[in-house]
Structure formats: C-alpha cells, structure tokens
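# An overview of the molecular structure
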Protein chains: 2
Amino acid sequence: MAIGERVLMGPGPSNVYPEVTAALARPVLGHLDPEFLFLLEETCERLRAVFRTANRLTLPVSGTGSAGMEAALVNVVHAGDVVVVGVNGLFGERMAEVAARQGAEVVRVEAPWGEPLDPEALLRAHPSPAVIALVHAETSTGVRNDVAAVCLGKGEALVVADTVTSLGGVELEVDGWGVDIAYSGTQKCLGVPPGLAPLTMGERAWARRLERPASWYLDLGLVAGYVTGAGGRTYHHTAPVSMVFALHAGLGVLLQEGLEQSWHRHLGCGQMLQDGLQAMGLELLAPEGHRLPQLTTVRVPEDLPPHSGEAEVRRVLLERYGIEIGGGVGSLAGKVWRIGCMGHTARRANVTLLLAALAEVLGR
Amino acid sequence: MAIGERVLMGPGPSNVYPEVTAALARPVLGHLDPEFLFLLEETCERLRAVFRTANRLTLPVSGTGSAGMEAALVNVVHAGDVVVVGVNGLFGERMAEVAARQGAEVVRVEAPWGEPLDPEALLRAHPSPAVIALVHAETSTGVRNDVAAVCLGKGEALVVADTVTSLGGVELEVDGWGVDIAYSGTQKCLGVPPGLAPLTMGERAWARRLERPASWYLDLGLVAGYVTGAGGRTYHHTAPVSMVFALHAGLGVLLQEGLEQSWHRHLGCGQMLQDGLQAMGLELLAPEGHRLPQLTTVRVPEDLPPHSGEAEVRRVLLERYGIEIGGGVGSLAGKVWRIGCMGHTARRANVTLLLAALAEVLGR
C-alpha cells in the first residue's frame, strides 16, 4: 500500500516537524544508557521551559494525553475528596469521570458547549474543595477557559489544568498563574506524534499525593524515582525511548523558534483561518474573545450541496487534497467541523490551502 | 552530540528491525484516517497470529508493557477477589502489587529468584481463586515458568500471563493452552521500540470484566470501542500512531520470517550464547530445562580484575564496543548480568561479538 501523506488540520494529531521525524528514526538506546538519560533530562528541562515552571516534577508520562489526565488525578485525589470540575465540553466531562473513578465527590460546574466556564462559578461551587479541575483549551469546542482567574481564587484547593491543546500554542504560565498540576499531549501544538503526556506538578500537590495510588503505572512517586533520579535511579518501567527522542526534538524546534514566537505563529494562523471562514459566510461556534486560535470550531452550513453531509465534505477534503479536518463530538456531532492549526501544521500555506479547498468543495 | 548506536543485549529494549525504523519515520496520519484504521486492524490481526489466538479483543495498549500488566488486572480484578500470584522475580512481585492496588486479596506462591514456579503449588494455593497470575518469562532471572501446566488445572479461575519477554521468542499458545489474558511489550522479541503493550483477552475474561474499572485510560471496554470498532468507532484516546506503524512493521517482519522460525532463531542464539558463557567458565543462574534462550542470567565471577566491579565491566562493554548488557535487579543486584538476545538483536554475529568482547574485558 502506498504511504499516505496528510495535511493534518483536525483536532490532533497535527503534522510533525521534520526534525521530529529524523529523531524517531534514531537508533534505539537502552533506558539506562547515559546518552538516553542525558536526552531525557534535557527533555524535562525543555518541558519546564514550555510549561513556564521550575517544578522539579516535570516529565513525559508514558501514555497519551488522557494518561496525563489520569496521572494528574489519580495521584492527588483521595477517596471522598471534593473535586470541583468545570464541564463545558468532552474533556471536562472526562475529567469528571476520571475523578469519580478515584472515589471523589465530584461537583460539576457547567457551561453550554461552545461557551467558556465562569471562573467565579467554579470558585463558589464549594467552600473547601480539595481540587478544582478544568480544561484550558477545550478541544471539543474551540473555547479557551480562564485558568489564571481560577488560580487567583483557589485558596487551599489544588488547581489541575488540562493543557493538552494549549501547551506551546497559547499563553500558559504554570508558575506565574499558580497551576498546581498541568498535563498535556505531544500531538497538538508541540508538533510531535501522539504517545506521551508532558506533566508538571508543583510542591503543594506533591505534598498531598497519595502514598499508594490505585494506579501503579501512573504512580508519579515511582515514576519520578526513575526520571528525576535523585539519589540513584530506580527502575520503574522501560521508557518509550523513540517517543522521548521525538519529544526532545520537537521541543528543541519550538524553543529555538522561541515560545512566545510559537504562540504568535499559532495566533496569526488562527486569525487568518477564522477571518477566512467568516469571509466565506461560515459561522464560528466559540464567541469572540474566548476562541482558541489553534483549534477552530465552525458550524456546518445548512445549505450543503445535495447528498453531501458534513462527513462527505471531510471525505472529499481528505481524498482530493489529503487534508484532514475533524467532525464534531458529543452534542456537537454533525453540527460543527473542528479545524486545527497546530505544531508544524501552523503555517500560512496550510491555512491558504484549506480555505481554498473548502471553498471549492462547498461551492462558495 | 553525536548519535550513539548500540548492540542492545540487555533485558530490553533490543535492537529494532530496519523496517521498523522506516515505519517510525512515516508521515503521521490521523487516528480516524481510513489508512491508519486499516493498519491498526492489520496490526491486531498480526498480534492474533503471534499470540496464537482468535480472541477478538487483541490490541496494542497505549503504554509500555507495565501498562499492559495494569490493563490486564484492573479490568478483571474486583475488590475482594482472591488473586493467586506466582512470585519468583521482580515482575511477579509487580503483579502482586498491582493486584493489591485493585483491592484484591493476594495469595503469593513463591519460588526463589532463579528457580521456576511449581505449577501444582499455584493450583493448590486457594480452592477458588478468581485469578491466577504468573510471569511466563521472568526478565529479572531468565527463568521460564510453565504457563501451560497452570492453565490445565485452572478450573473456574482466569489465568493472566505476563508474556512481555516471551512473545515472539519462545513458544506461547494463548488459545491452545487456555490463557485468558496475556499481555506483552514491543521492545523484547518483537524488535520494536518500547511504548506499546500488546494484549489479548478471551471471552471468559471479557464476561467477567468490571463495568467501570478504576482506570479510565486502561478501560478495555472503552478502548475496544475505538480499536475493534464494532458498530462504529467511539473515540477514546488518540492512538499513538507512529508506534502503531512501528509495531505493524515489526510484526510484518516476524510473520514473514515465520513465528516458529523466530522461536527457532531465538533458541539457536540463546544456546550459542549460553554454551559460550559456560565455556568461558561462567555460571548460569537459571537451572537447565528452565532457561530462557532470549534472556540469560549469568553469575558475576568472583575473580574480577581489581577495582573492576560488575558495573565497570558493563561500562567498558558499552564504551569500547557499544554493547549494552544489563545488571541484576532486586535481590540479584550486583550478582548477575542479564544478557538479552531478542528481536533484531537475535543474530549469531551479535552473540559472537559479545562473547569475544566479554572474554577480552574479563581477561579470559
């Protein structure tokens, strides 16, 4: 079978940097090889730079972004803890579910899909929650939630932020805002294939972690014994070395460009895309001021050509142009398209191509 | 920094097939792309061939081998269940720990590290266990445990087998023996980098699975909704596409060679290695008849040159020859070396090189 090549403009994965492809093809090293440990430590240091944190516990969890979510919650949510969860999309729903499986008393604070969460409502939801959890960039709706405002009023609570789609693409200041735990994925704005979950945890969260969480694989006390290696490294699990090479390379590209330059590039591409979609007469789901530049939700027009549902439009884009865009999920299934412009995909040429291709397919 | 290249003869990772390196560098596809889904389904079909099973639930778990262990246990161990665990090495210990974290009543059946488990002792340990769990190929000791014999007497219990180091390297018959759940890793005899955990689960285990396991990430009911896709695929998490490409390619190489030919190749290399070590006057840990060909534990000789501990021997092999071998773990730390000959590493040239290099370093 011929090897397909795509312009990945869905909700992730996005295209990867050429340096990342080269890194994936590096000869495999042992997980205790001095050369690998050097690269792993440098990867953690680079993650600190993109998370904007000095947290010692900053590392790639050996699973996808959802493993990062589970690692974040399973290590600090004790059975019976009150966990306030902001729910305005699929990934907020997921945080509530993962917290509930840890035995938390989950207090849901909702907003309609497509609208931002109200930070005050999250802070008022319970007088003394153990954790307040919310998604920074809701991949299901294209909405940005105000993590900084929640951190400002958190009091004794730990703030857990899902930054899967935000890290590297829009401003995120883990230490500056006071986020206690943030986790992400590699396949969005970092330009690396899916498979690792960058995670950072501050001292307040570390001090409250469970001695023996339900998950052994995601037990960050044990994982840190290998990755951070203070006082000698203790084997936990075999690190996914090729994916670590890839992440190391992707972060290198990003930091050579400059973190703020990367935010700026994502912003420019997103504005160009959103302007172009609106000029085509299409309507954006997320309200102005709360839109993510890197992930745009646009309503499926009601005047599609006959026999041509929204899935058919995506199919034609994929087959004719090799462009992938995403459909809606959950309550937005069939109602929106999700167009990502993240990582190596976030270039003007891709936006121009997508807009022209979509105009042709829609006959606009 | 120059890119290091190694002959990986530790307990894993092993060297990867050239076809795997090429597959890692393939352009990334979306996790719902028809081309990716075709490759994913073919990967599952190839896994059925190497596990020797018709189990519909056969897939790569999105984590390393230890995630496979956790997925196997977290989906079928209900709180309070009796789980009999065979413990004769580090990975048996780990199974006991993971089962305990699920709230199991763990019944340990031990054998000294370096000796095989007694299948009869496992079967007699409790009158009606829910699960009997054991490691097929103990990576910490080089010992093979008799999974087939345990399956023969399992009765109503489910047998969970850790086949991380055995899959593709020595005989394993999931359906033929009656193993209910087996999981593995990619970085041993499959010749693929670490990062995925092939897993297979039969109907008896599926019928007893928890509706809502503590782990959302490893909830095989949800994972299967995406991977096996009966009745439309439900998004669960973003598949680690590049690692799936790699596994697909590695399994392709293995099946083109032939599964039994691969067992034969691992056996031949292991015998050559073990004969050569003994001819050098070194002593093997595992008793004859229970030795794994693909993972050999050899006692560190007492007459090492002055100032040259066992770690120094490994360091010199790595620096002078680019050969990695492993040290001992747990109660065997400092007492044995672990020499793997798995996957693409399992070639006569590597055995010859290792034997000559070790003879030189040891002055034998």
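Starting afresh in each chain, residues are numbered from 1 along the sequence in its written order. Whichever chain is written first becomes A and whichever ligand is written first becomes 1, with later ones labelled in order. It should be noted that, the model being predicted, local features are given only for residues of pLDDT at least 70 and side-chain atom pairs only at 80 or more, the latter also being counted only at that level, while totals for whole chains, interfaces and linings use all residues.

### Considerations on the environment of Arg209 of chain A
All names here are of chain A. Counting from the N terminus, the helices are DSSP H or I runs at least four residues long and the strands are E runs at least two residues long. You can see Arg209 is positioned in the loop between helix 8 (203-207) and helix 9 (220-227). In the structure, Arg209 is positioned 137 residues away from Ala72 in sequence and 9.9 Å away in space, judged by C-alpha atoms. By the convention adopted here, residues are in contact when the distance between their C-beta atoms, placed from the backbone, does not exceed 7 Å. Residues in contact with Arg209, not counting those within four places in the same chain, are Asn75, Val76, Leu220 and Gly221.

### A few points about helix 4 (residues 90-101) of chain B
All names here are of chain B. Taking 1.5 Å per residue, twelve residues should reach 16 Å; helix 4 reaches 17 Å between its end C-alpha atoms and fits that length. Residues of helix 4 that are buried include every one of Phe91, Gly92, Arg94, Met95, Ala96, Val98 and Ala99, and no others. Those residues of helix 4 hidden inside the fold are in contact with helix 3 (65-74), strand 3 (82-87), strand 4 (105-110), strand 5 (131-135), strand 6 (137-138) and strand 8 (158-162). Backbone geometry just downstream of helix 4 places Gly103 in the positive-phi region, at approximately 85 degrees. An expected span of 1.5 Å times one less than the residue number is assigned to each helix. Burial is judged by counting other C-beta atoms within 10 Å of a residue's own C-beta: 20 or more means buried, 12 or fewer means exposed, and anything between counts as partly exposed, with every C-beta placed from the backbone.

### Re the domain arrangement of chain A
Residue and element names in this part refer to chain A. Partitioning chain A into structural domains gives domain 1 (7-13 + 259-362) and domain 2 (18-257). Here domain 1 and domain 2 have C-alpha centroids that lie 26 Å from each other. With 27 residues of domain 1 at the interface, the matching set in domain 2 holds 30 residues. Looking at the side of domain 1 that touches domain 2, the elements with two or more residues in it are helix 11 (259-279) and strand 11 (295-299). Considering every element that reaches the side of domain 1 that touches domain 2, the biggest residue donor is helix 11, with five residues. Three categories are distinguished: nonpolar for Ala, Val, Leu, Ile, Met, Phe, Trp, Tyr, Cys and Pro, charged for Asp, Glu, Lys and Arg, and polar for the others, with Gly belonging to the last. Tallied by class, residues from the side of domain 1 that touches domain 2 come to 13 nonpolar, twelve polar and two charged. Residue ranges assigned to each domain were obtained from an automatic or database domain assignment.

### Things to note about unusual backbone geometry
All names here are of chain A. The peptide bond linking Gly12 to Pro13 adopts the cis configuration, its omega dihedral lying at 5 degrees. One non-glycine residue with positive phi stands out, namely Arg52, at about 55 degrees. Relative to the assigned elements, Arg52 resides in the loop between helix 2 (34-51) and strand 2 (57-61).

### Topic: the relation of the copies chain B and chain A
Superposing chain B onto chain A takes a rotation of 180 degrees plus a shift of 0.0 Å along the axis, which leaves an RMSD of 0.0 Å. Within this description, the copies of the chain are treated as partners about a two-fold rotation axis. The rotation axis passes nearest to the C-alpha of Gly63 of chain B in chain B, at a distance of 2.5 Å. When you check the interface residues of chain B against chain A, 100% turn up at the interface there too, and the contact is symmetric in its surfaces. A residue counts toward the fit only if its pLDDT is at least 70 in both copies, and the copies are then superposed by least squares on the C-alpha atoms of those residues.

### Some remarks on the sheet that holds strand 13 (residues 326-327) of chain A
Criterion used throughout: strands pair if DSSP finds at least two bridges between them. On the basis of which strands lie adjacent, the open sheet formed by three strands has the order 11-14-13 (chain A) and antiparallel pairing. In this open sheet, the two strands that pair with only one neighbour each are strand 11 and strand 13 of chain A.

### With respect to the pairing of strand 8 of chain B
Consecutive residues of a regular strand have side chains that alternate between opposite faces of the sheet. All names here are of chain B. With five of five residues buried, strand 8 lies mostly within the body of the structure. Residues Leu158, Val160 and Asp162 point to one face of strand 8 and Val159 and Ala161 to the other, with burial holding for every one of them. Sheet topology places strand 5 next to strand 8; five bridges connect them, and they run parallel. In the sheet register, Ile132 faces strand 8, and the bridge partner there is Val159.

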